[in-house]
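If you want the building blocks of each chain, they are given just below.
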Amino acid sequence: VNHAMSLDQTRLSLLKEGDPEKFSKRLASVKAGVTLKTLLSNAEGSVTNRTAEIHAAFEVADSKAKAVPREQLKEKSQTCSWAFKLGSGKYKDYTPDKSAEVEALYQ
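Predicted, not measured: the structure shown is a model, and the values here were computed from it.

What counts and how
Residue positions are given per chain, counted from 1 along the sequence in the order it is written. Only residues with pLDDT of at least 70 are given local features in this predicted model, and only at 80 or more are side-chain atom pairs given and counted; all residues enter the totals for whole chains, interfaces and linings. Side-chain numbers here rest on the full set of heavy atoms in the structure, without hydrogens or water. Each helix corresponds to a stretch of at least 4 residues labelled H or I by DSSP, and each strand to a stretch of at least 2 residues labelled E; elements are numbered beginning at the N terminus. Note on classification: 1.4 Å probe, protein chains only; a residue is buried when its accessible area is under 20% of the maximum for its type, exposed when over 50%, partly exposed between these limits. Note that accessible areas follow from Shrake-Rupley with a 1.4 Å probe, and for residues the cover is restricted to the protein chains shown. Throughout this description, the term salt bridge denotes a Lys or Arg side-chain nitrogen within 4 Å of a carboxyl oxygen of Asp or Glu. Centre distance within 6.5 Å is the pairing criterion for rings of Phe, Tyr and Trp, where only the six-membered ring of Trp is used; planes under 30 degrees apart are then read as stacked, over 60 as edge-to-face, and the remainder as tilted. Residue-level confidence of the predictor, termed pLDDT, takes values from 0 up to 100. We call two residues contacting when some pair of their heavy atoms lies within 4.5 Å.

(A) Layout of the overall build of the protein chain. Along the protein chain, the regular secondary structure elements total 4 helices and 2 strands. Looking at the protein chain residue by residue over its 107 residues, the buried ones come to 6%. Surface exposure of the protein chain reaches about 9600 Å², of which carbon and sulfur atoms provide 58%.

Below is the structure:
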């Protein structure tokens, strides 16, 4: 509201001077400042919200990672199983031999 009042006062002072080009340039620069402030405040609000979401996701992931026993981290994972896509869009697992072959080619 205060900024709108200052814009109005600027407009009135420039109108008294009688130079329409000067009025137009000054009003455009003031308007650009208002637009920039609005953009920055909107961006700050968006960043704040996104930061809160990411922090909440971090806390969930951190608690899940800490729930895994340390001994389990040292164990080797089971072998991978490769699959291929059928024409219907579903996936079907390769046989263990074929899966091992595909893994060897992938590595």
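(B) Representation of the pattern of salt bridges within the structure. Scanning all chains against the criterion turns up 3 salt bridges. Across the pair Arg 50 and Glu 53 runs a salt bridge whose closest N-O atoms are separated by 2.9 Å. Of this pair, Arg 50 and Glu 53 both sit in helix H2 (residues 20–67), 3 residues apart, which is roughly one turn of that helix. Here Lys 98 and Glu 101 are joined by a salt bridge, their closest N and O atoms 3.8 Å apart. Of this pair, Lys 98 and Glu 101 both sit in helix H4 (residues 96–106), separated by 3 residues, roughly a single helical turn. Accessibility expressed as a relative area gives 42% for Glu 101, which makes it partly exposed.

(C) Looking closely at the packing of aromatic side chains. Per the stated rule, a full pass over the model turns up 2 aromatic pairs. Between the aromatic rings of Phe 84 and Tyr 94, the centroid separation amounts to 4.9 Å while the plane-to-plane angle is 40°, which identifies the pairing as tilted. In this pair, Phe 84 sits in strand S1 (residues 83–85) while Tyr 94 sits in the loop between strand S2 (91–93) and H4, placing the two residues 10 residues apart along the sequence. Residue classification places Phe 84 among the partly exposed positions, given a relative accessible area of 29%. A relative accessible area of 25% means that Tyr 94 is categorised as partly exposed.

(D) Layout of the environment of Leu 7. Its location among the elements puts Leu 7 in helix H1 (residues 2–17). It is 7.8 Å that separates the C-alpha atoms of Leu 7 and Leu 27, two residues lying 20 residues apart in sequence.

(E) Broad picture of the confidence of the model for the protein chain. Summing up the model confidence of the protein chain, the mean pLDDT is 81 and the portion of residues at 70 or higher is 87%. Ranking the elements of the protein chain by mean pLDDT puts H1 last with 73 and S2 first with 90.

(F) Summary view of the environment of Ser 99. Looking at the element boundaries, Ser 99 is found in helix H4. Owing to a relative accessible area of 5%, Ser 99 belongs among the buried residues under this scheme. C-alpha separation for the pair Ser 99 and Ala 83, spaced 16 residues apart in sequence, amounts to 7.7 Å. Once residues lying within four places of it in the same chain are set aside, the contact partners of Ser 99 are Cys 80, Ser 81, Trp 82 and Tyr 94.

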